[in-house]
Every structure is written in C-alpha cells, then in structure tokens.
Amino acid sequence: MSMKSSTRQVDGVTIVDLSGRITLGEGSIILRDTIRDLIGKGNKKILLNLGDVNYIDSSGIGELVSAFTTVRNQGGDLKLLNLTKKVHDLLQITKLYTVFDVKEDEAAAVKSFS
Amino acid sequence: MSRNRVSFTLDSTLDTVNSAEATASEMATQAGFADEDVMKIAMAVREAAVNAVLHGNAYDPGKKVTLDFERTGSELVIRIRDQGKGIDLKNIPDPLAPENLLKTSGRGIFLIRSFMDEVEINPSTAGTEIKLVKHVHGPAAGG
C-alpha cells in the first residue's frame, strides 16, 4: 500500500494526516513534497498524524528527520501524533523518540503549539 | 531437519526492494516465526536490498541483486549480494552518536543488526554480500 497525505487546519496548526507506508520512493517523496508545500505557503506549525502509518523504513525515518529539521530551520515546529507501536519502537531504537515531540491527543497537541 | 533453499536474481530497481521484502515476509511466515519477527526479518531484508540497489549497484541496469533464502529446522539464513564496488566497513557511522542523530540517512545497517540474530557483511571488489540469520524459537525450531 502506498502512502496518502491530506492536510487540515485546526487553530492555526496544520495537521497532516498520513496513511500507509513511508518508505524509499513514493512514500518518502510524498512526505517531502507535502512539507515543502506547507513551508512554501508559510505554514510553520505542523502536526504529523501517523496514526494510520503502518510501516516505515530507514528512508522514511530519514524523511521524518528531514521534515523536522526543515521546519525548525524555518523557525517553525513539527510534532508527531498517534504513533503506532511499530513506529514508536523504531523511534525508540534509533534514539529519535526524544528528539521528536510526540503527542497522543490531538487537541492537546494543537494547544501545545501556542 | 527440513531444508529449503530458494534464490532470486533481480534487477537494480525499487521493485526489487519491495519484492525482497515480500518474499522475506513469506519465507519467515512459512518458517514459523511470530508476526513480530516476520516484520523484523522483512524489514532487515528490505534495508539490505535498499543498500544493494542504491549503494551497491547504484541502480545500474547492468548489475543484478541476488537474494538467497535458506531455511533449516532451526534458522532462516538470508544472503543478499550486489555487484557494486564493495562497502567500506570502516566508514559506517554510528547513527546513535549525538552528532548523527539528525542525519537523514545511515540507519539501514543499524536496523538490520537490531532485527537479526547474526549479521555478516562481506565486501569485495566484486560486490558486497550480507548474510542475515534469524533463529527459530519455540515449536517451529524442531521442524
């Protein structure tokens, strides 16, 4: 299954709902293009909802890191929401869990940007 | 002890990466691994295939990737070979080092080592072979 991405605005925060696989190729490219598009439009508060992301490989992890640093370098902030166990475990073993600001509740996550 | 061995020779494409992952998942399931181990094996094979296609063969249409799955009663042994220049083992950075945490690449071999019981990387000027071993635990181990 390839990846799908859709965005919505909640109280000034752009929530990106991702589903499928973030892997080398299409999945990573969609995520990269989505972040570039949002930054280009001035959206700098970004919440990546990974609740329906069932698989991520090292390229996908790299793309998440790239998204994080890209947004930070533009003076914005990028947080992660609703990690599946697989993604949670991957971020743990790669020591990235503490790098990312990971949230479990959407409303609280949106508030945390203000 | 049952023994099954299958080999594939594949092009240096992204399709090969997906195919390797799917085959590994199928072989691991047949070997009796639990779902979590199946996922780990499939992911390790995917990462190794990515390295072979991208870093080894550099998408060269004239170079092939060879996948070899061998199932014994007690373990699944997977070998992935490319026809590249051979990886330099001295130059594999530690992705957990603070200075590397925010790098966007360099986690593949680390993940492979995390997910498999044994990993051997054998580079040569004719290419790199990576051997992955996962031991079957539980009732399937006797099969």
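Above this text you will find the structure in question.
Presented here is a report on the structure given in the accompanying data block.

Conventions used here
- Residues numbered from 1 in each chain as written.
- Chains lettered and ligands numbered in written order.
- Predicted model: local features only at pLDDT ≥ 70, side-chain atom pairs only at ≥ 80, totals over all residues.
- Helix = DSSP H or I, 4+ residues; strand = E, 2+ residues; numbered from the N terminus.
- Rg over C-alpha atoms; globule rule 2.2 N^0.38 Å.
- Buried ≥ 20, exposed ≤ 12 C-beta atoms within 10 Å, placed from the backbone.
- Pairing = 2+ DSSP bridges.
- Contact = placed C-beta atoms within 7 Å.
- Nonpolar A, V, L, I, M, F, W, Y, C, P; charged D, E, K, R; others polar.
- Axes fitted to C-alpha atoms, helices over the stretch in contact; angles between N-to-C directions.
- Core = buried A, V, L, I, M, F, W, Y, C linked by C-beta atoms within 7 Å.
- Parallel < 35°, antiparallel > 145°, perpendicular 65-115°, else oblique.

**A word on the overall build of chain B**
(1) Moving on: Counting its secondary structure elements, chain B contains three helices and five strands.
(2) Moving on: Traced from its N-terminal end to its C-terminal end, chain B shows the element sequence β-α-α-β-β-α-β-β.
(3) Moving on: Against the 2.2 N^0.38 benchmark of 15 Å for 143 residues, chain B shows a C-alpha radius of gyration of 15 Å, consistent with a compact globule.
(4) Moving on: Along the first, second and third principal axes, the C-alpha atoms of chain B reach 40 × 40 × 25 Å.
(5) Moving on: A buried classification covers 38% of the 143 residues belonging to chain B.

**Details of the pairing of strand β2 (residues 13-22) of chain A**
Consecutive side chains of a regular strand alternate in pointing toward one face of the sheet and then the other.
All names here are of chain A.
(1) Moving on: Where strand β1 (residues 4-10) meets β2, seven bridges bridge the pair, whose relative direction is antiparallel. The residue of β2 that forms the bridge with Ser5 is Leu18.
(2) Moving on: Two successive antiparallel strands, β1 and β2, enclose a turn made up of two residues, where Asp11 displays a positive phi of approximately 50°.
(3) Moving on: Sheet topology note: the β2/strand β3 (residues 45-56) ladder contains eight bridges and is parallel. In the sheet register, Gly20 faces β3, and the bridge partner there is Val53.

**Section: the interface of chain B and chain A**
(1) Moving on: Listed per partner, the contact involves 16 residues of chain B and 15 residues of chain A.
(2) Moving on: At the level of secondary structure, the elements contributing two or more residues to the side of chain B that touches chain A comprise α1 (14-30), α2 (35-56) and α3 (108-115) of chain B.
(3) Moving on: Broken down by element, the side of chain B that touches chain A gets its largest block of residues, four residues, from α2(B).
(4) Moving on: Counted by class, the side of chain B that touches chain A contains nine nonpolar, four polar and three charged residues.

**Looking at the sheet that holds strand β4 (residues 77-81) of chain A**
Residue and element names in this part refer to chain A.
(1) Moving on: Overall, mixed pairing links the five strands, which are arranged β1-β2-β3-β4-β5 in an open sheet. Only two strands of the sheet have a single partner each, and these edge strands are β1 and β5 (101-103). Neighbour to neighbour, the strand axes of the sheet diverge by 25° on average, direction disregarded.
(2) Moving on: Direction of pairing for β3 relative to β4: parallel, over a ladder of five bridges. Within the sheet, the bridge partner assigned to Leu47 lies in β4 and is Lys79.
(3) Moving on: Strands β1, β2 and β3 of the sheet are contacted by helix α1 (residues 26-40), whose axis makes an angle of about 170° with β2.
(4) Moving on: Across the face of the sheet, helix α2 (residues 58-73) comes into contact with β2, β3 and β4 while running at roughly 140° to β4.

**Description of unusual backbone geometry**
(1) Moving on: Phi is positive for A:Lys95, which is not a glycine, with a value near 65°.
(2) Moving on: Take A:Lys95: it is sitting in the loop between α3 (85-93) and β5.
(3) Moving on: With a phi close to 50°, B:Ala58 is a non-glycine residue in the positive phi region.

**A short note on the nonpolar core**
(1) Moving on: Core analysis: the biggest nonpolar cluster contains 33 residues, and B:Ala28, B:Ile41, B:Ala44, B:Val45, B:Ala48, B:Ala49 and B:Ile80 have the highest contact counts within it.
(2) Moving on: Elements that contribute at least two residues to this core include exactly α1, α2, β2 (64-71), β3 (75-81), α3 and β5 (127-135) of chain B.
(3) Moving on: Counting residues per element, this core draws most heavily on α2(B), at eleven residues.
(4) Moving on: Apart from residues no more than four positions distant in its own chain, B:Ala48 is found in contact with B:Ile80, B:Ile112, B:Ile130 and B:Leu132.
(5) Moving on: Grouped together as the second largest cluster of nonpolar side chains are 30 residues, A:Ile22, A:Val53, A:Val65 and A:Leu78 included.

**Thoughts on the packing of α1(A) against α2(A)**
The description of two packed helices rests on the angle between their axes and on the distance between the axes.
All names here are of chain A.
(1) Moving on: Between α1 and α2, whose axes approach to 9 Å, the crossing angle comes to 5°. By the angle class used here, α1 and α2 are roughly parallel. The residues of α2 that touch α1, namely those facing Gly27, Ser28, Leu31, Arg32, Ile35 and Ile39, are Ser59, Gly60, Glu63, Ser66, Ala67, Thr70 and Val71.
(2) Moving on: Considering only residue class, the contact of α1 with α2 consists of five nonpolar, six polar and two charged.

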